[in-house]
Each structure stands twice: as C-alpha cells, then as structure tokens.
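# A closer look at the structure
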Amino acid sequence: MCSRDVAHAVRTRIDREGLPNLSRRGFLRLGGLTAVGAAAASLGGSAALVRASQHMGEVIDLSHIFGTAIPTYLPDEKPQREDFVTVERDGFFIQKWNFGEHAGTHVDIPAHFIANAVTVDNFPVAGLVGPAVVIDISAKAAMMDDATLDVEDIEAWEAANGRIPDGAYVMMYSGWDARWPDQETFRNADADGVQHYPGFSAEAATFLVEQRSIHGIGVDTLSLDIGASSTFDVHYIILGAGLVGVECVANLAAIKDKAATVVVGVPRWEGGSGGPARVVALV
C-alpha cells in the first residue's frame, strides 16, 4: 500500500515521534542473514539445487496477475502500459510500464517506512526465503471486514502445528484474495473513502518480532495493517525490525495445511523500497 494519505499519516507520526530507525535487533538480524547467505554459497550452489530438485513437490503461485486494472491502495495508482516495440513493426516485442513500487502482489522492504533502512537492492537474499506458516482467519474475516490476526490466532496455530520455525514467513489467510481483481470490493472503501479489510494486529506483529525469529509476514489484502488504520503500526513494527512484508498474496488456501517454503522474487532495483513480486511456494 502506498498513497498520499499514507504519506500524510507518516509525516504526522514523524512530527510527533521523530524519524524512525531500524532497531538494533533489525541491524543484528540483517548482519546474520548476510552471514547465512555467504555460508550457503560456500557449500556449493549446484549440489544444493540438485538435492532440492530431487525433493521438491508441487510449486504453487502465490501471485496475482499484474495488470492495468488491478486493485490499488488509491484508484489513481493504477499501472499503465504501452507497446514500446512490436514484432510486426520492429521484429521483437517489449512493453513499457509505469507503476508504483507497491502495486499488485508486492514486497515492502524496511526502507518503505524506516529512515535510512536497507533498500531492496541491498536486502540480504537469505531473508527472501523461508518456511510458510499460513494462519487462517477467514471465519473471523467473514463476520468482520476489519478483522485482525491476533496473538491468540498465532498461539492456536502453534498448539496445532508446533512452534513457528525460525526464518518463517507468517501469512494471514482471510479469504480476501477471492475478491481480486474487482477494485471496488477489494478496496472495500466506505462513503468517506476509508478502506476496510483484515490485517495483522500490532500486538501480533510485536509478538512475532520479539518472541519468534521470522523473516517476514504476508497478507492477502492491500496492507499489513487493517484497511482502516491511520497509524500503520504493523508496518513500523515489522519493517523497523528489518523484516519483510508481502501484500496482496494469492492462493494461500492451497498451502495452508501443507508444509511449504516461500520464495519471494522481487526486482533488485537501485534504492528500491520494495516492488512487485512473483511469490511462489515449494510444497
């Protein structure tokens, strides 16, 4: 999610609290991820790929199709495209796109909200892969648009499945992805323009940062926070800890009862605050 409304809310918070910075925990975590990545590389990538291919089962796409009519945080943020060159005229085909970094299924990197934080080109690649933990709050979301994934939901998942593994991506499944790509129902804005859809609670985000060792969280809605949030606490908590947020995730129902690894493929453009992503699950 990204908009002028968000910018105003963030500016108000900065005026009140000062510029946020990456927490010490976040800096230490990023350093650890870099070391992990280096260690993995030293083991020999080709052998690891062979072993992975021998054991990999189903591959499930967790990404929506990126297009010019997709739901966006604000209606005027829609991506635009044109045929730059064509096979008929030029002998090959290239499109030219104009879009914000936070459109479609996309990634929030710490620099999206946190001053002087890591950008997507420098984010440790080891932090873009992890075990999938899908927590189903669809029954709650069916009764209340602004439902939250709470600490109690995390505890219930762990009671049934065991402790959240280190390096996990904790994904909220609310069933909201069934509304894609209808812009009106996906944004679900009221008469005052306030959007209403599920997200993480600040308490759940704090629990995951302080009590568990995860790589990131994901949602099947437009924002890590509930749609009606004006303070974006979950963004500050997660990104301030050096973690990743993934928004507009698709097809979580297909992996919510399976063991899977999430791979977040985001463009490594210079100075980026995130970007549209091809997110896949290896079951």
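The paragraphs below set out a description of the structure included in this document. (Residues numbered from 1 in each chain as written. Predicted model: local features only at pLDDT ≥ 70, side-chain atom pairs only at ≥ 80, totals over all residues. Heavy atoms only, no water.)

### Brief notes about the overall build of the chain
So the rule is basically this: Where helices and strands are cited, they refer to DSSP runs of H or I of at least four residues and of E of at least two residues respectively, numbered from the N terminus. Under the scheme applied here, a residue whose accessible area is under 20% of the maximum for its type counts as buried, over 50% as exposed, and between as partly exposed, the area being computed with a 1.4 Å probe on protein chains only. Surface exposure here means Shrake-Rupley accessible area, sampled with a 1.4 Å probe, where a residue is shielded only by the protein chains that are shown.
Within the chain one finds 9 helices and 13 strands. Here the chain, with 283 residues, has 48% of them falling under the buried criterion. About 13500 Å² of surface is accessible on the chain, with carbon and sulfur atoms providing 55% of the total.

### Section: the pattern of salt bridges
Basically, it comes down to this: What counts as a salt bridge is simple: a side-chain nitrogen of Lys or Arg found within 4 Å of a carboxyl oxygen of Asp or Glu.
The tally for this structure, following the rule as stated, stands at 8 salt bridges. Salt-bridge contacts for D150 lead to K140; the nearest nitrogen and oxygen are separated by 3.3 Å. Highlighted residues: D150 in the loop between β6 (148-149) and α6 (151-161) and K140 in helix α5 (residues 138-143), separated in sequence by 10 residues. Note on K140: relative accessible area 24%, which makes it partly exposed. The shortest N-O distance in the salt bridge between K140 and D153 comes to 2.7 Å.

### Brief notes about unusual backbone geometry
Here W180 and P181 are connected by a cis peptide whose omega angle stands at 5°. Even without being a glycine, N116 presents a positive backbone phi close to 60°. Within the secondary structure layout, N116 lies in the loop between β4 (106-108) and β5 (129-136). The backbone of F232 shows a phi angle near 55°, a positive value even though the residue is not glycine. Summarising the element assignment, F232 is placed in the loop between β9 (216-219) and α9 (233-240).

### Comments concerning the packing of aromatic side chains
Defined as follows: In summary, the pairing rule links any two rings of Phe, Tyr or Trp, Trp by its six-membered ring, whose centres are within 6.5 Å, and it sorts them by plane angle into stacked for under 30 degrees, edge-to-face for over 60 and tilted for everything else.
In this structure the tally under the stated criterion is 8 aromatic pairs. Where F66 meets F99, the ring centres are 5.1 Å apart and the plane angle is 65°; that geometry is what we call edge-to-face. Taken as a pair, F66 in the loop between β1 (59-61) and β2 (80-85) and F99 in the loop between β3 (94-98) and β4 lie far apart in primary sequence, 33 residues in all. By relative accessible area, F66 is classed as partly exposed at 24%.

### Concerning the sheet that holds strand β12 (residues 274-276)
So the rule is basically this: We treat two strands as partners when DSSP finds at least two bridges between them. Note on method: axes are straight lines fitted to C-alpha atoms, helices fitted across the in-contact stretch only, with angles between N-to-C directions ranging 0 to 180 degrees.
Pairing is mixed across the open sheet formed by 9 strands, whose spatial order is β1-β13-β11-β5-β7-β9-β10-β4-β12. In this open sheet, the two edge strands, each paired with only one partner strand, are β1 and β12. Sheet twist, expressed as the average angle between the axes of neighbouring strands with direction ignored, equals 25°. Pairing between β5 and strand β11 (residues 261-265): 3 bridges, direction antiparallel. Across the sheet, G130 pairs through a bridge with V262, a residue of β11.

### Thoughts on a nonpolar patch on the surface
Counted only if it meets this: Patch membership requires over 30% relative accessible area and the absence of a salt bridge. Like charges are linked within 9 Å, and nonpolar side chains (Val, Leu, Ile, Met, Phe, Trp, Tyr) within 5 Å.
A cluster of nonpolar side chains, contributed by F84, F92 and I94, occupies part of the molecular surface with about 280 Å² of accessible area. If you trace the backbone, F92 turns up in the loop between α4 (87-90) and β3. A relative accessible area of 44% means that F92 is categorised as partly exposed.

### Quick look at the nonpolar core
The nonpolar side chains of a soluble globular protein tend to be buried with one another. Put simply, the rule is: As used here, the term nonpolar core means buried Ala, Val, Leu, Ile, Met, Phe, Trp, Tyr and Cys residues forming a set that is joined through side-chain atoms within 4.5 Å. Contacts are assigned to residue pairs with any non-hydrogen atoms lying within 4.5 Å of each other.
If you look at the biggest cluster of nonpolar residues, it comprises 41 residues, and the most contacted ones within it are I164, V170, F200, L208 and I217. Elements with a contribution of two residues or more to this core: β5, α6, β7 (169-173), α8 (202-211), β9 and α9. Per-element tally for this core: the top contributor is α8, with 5 residues. The contacts of L208, once residues within four sequence positions are left out, are I154, I164, V170, F200, S213, I214 and I217.

### Considering α6
For clarity, the threshold we go by: Here the arc refers to the directions that run from the helix axis out to each C-beta atom.
For α6, every residue scored as buried is listed here: V151, D153, I154, W157 and E158. Down the axis of α6, the smallest arc covering the buried residues is 160°, so these residues share one side. Facing away from the buried surface of α6 by more than 90 degrees, the exposed residues are E152, A159 and A160. Contacts made by the buried residues of α6 are with β5, α5, β6 and α8. Where α6 terminates, the next one or two residues include G162, which has phi positive at roughly 100°.

### Overview of the environment of V249
Topologically, V249 is positioned in the loop between β10 (244-247) and β11. Note: C-alpha distance between V249 and H64 (185 residues apart in sequence) is 7.1 Å. Beyond its immediate stretch of four places on either side in the chain, V249 contacts L62, H64, T105, M171, D177, V219 and D220.

### Some words on the environment of D145
What counts here: What qualifies as a polar contact is a pair of N or O atoms within 3.5 Å, subject to a donor-acceptor requirement within protein and to the restriction that residues adjacent in sequence count only when both atoms come from side chains.
Mapped onto the fold, D145 is located in the loop between α5 and β6. Sequence spacing of D145 and A228 is 83 residues, and the spatial spacing of their C-alpha atoms is 9.7 Å. Setting aside its immediate chain neighbours within four residues, D145 contacts W176, R179, N188, H196, Y197 and P198. At 2.9 Å, the side chain of D145 and the side chain of N188 are in polar contact.

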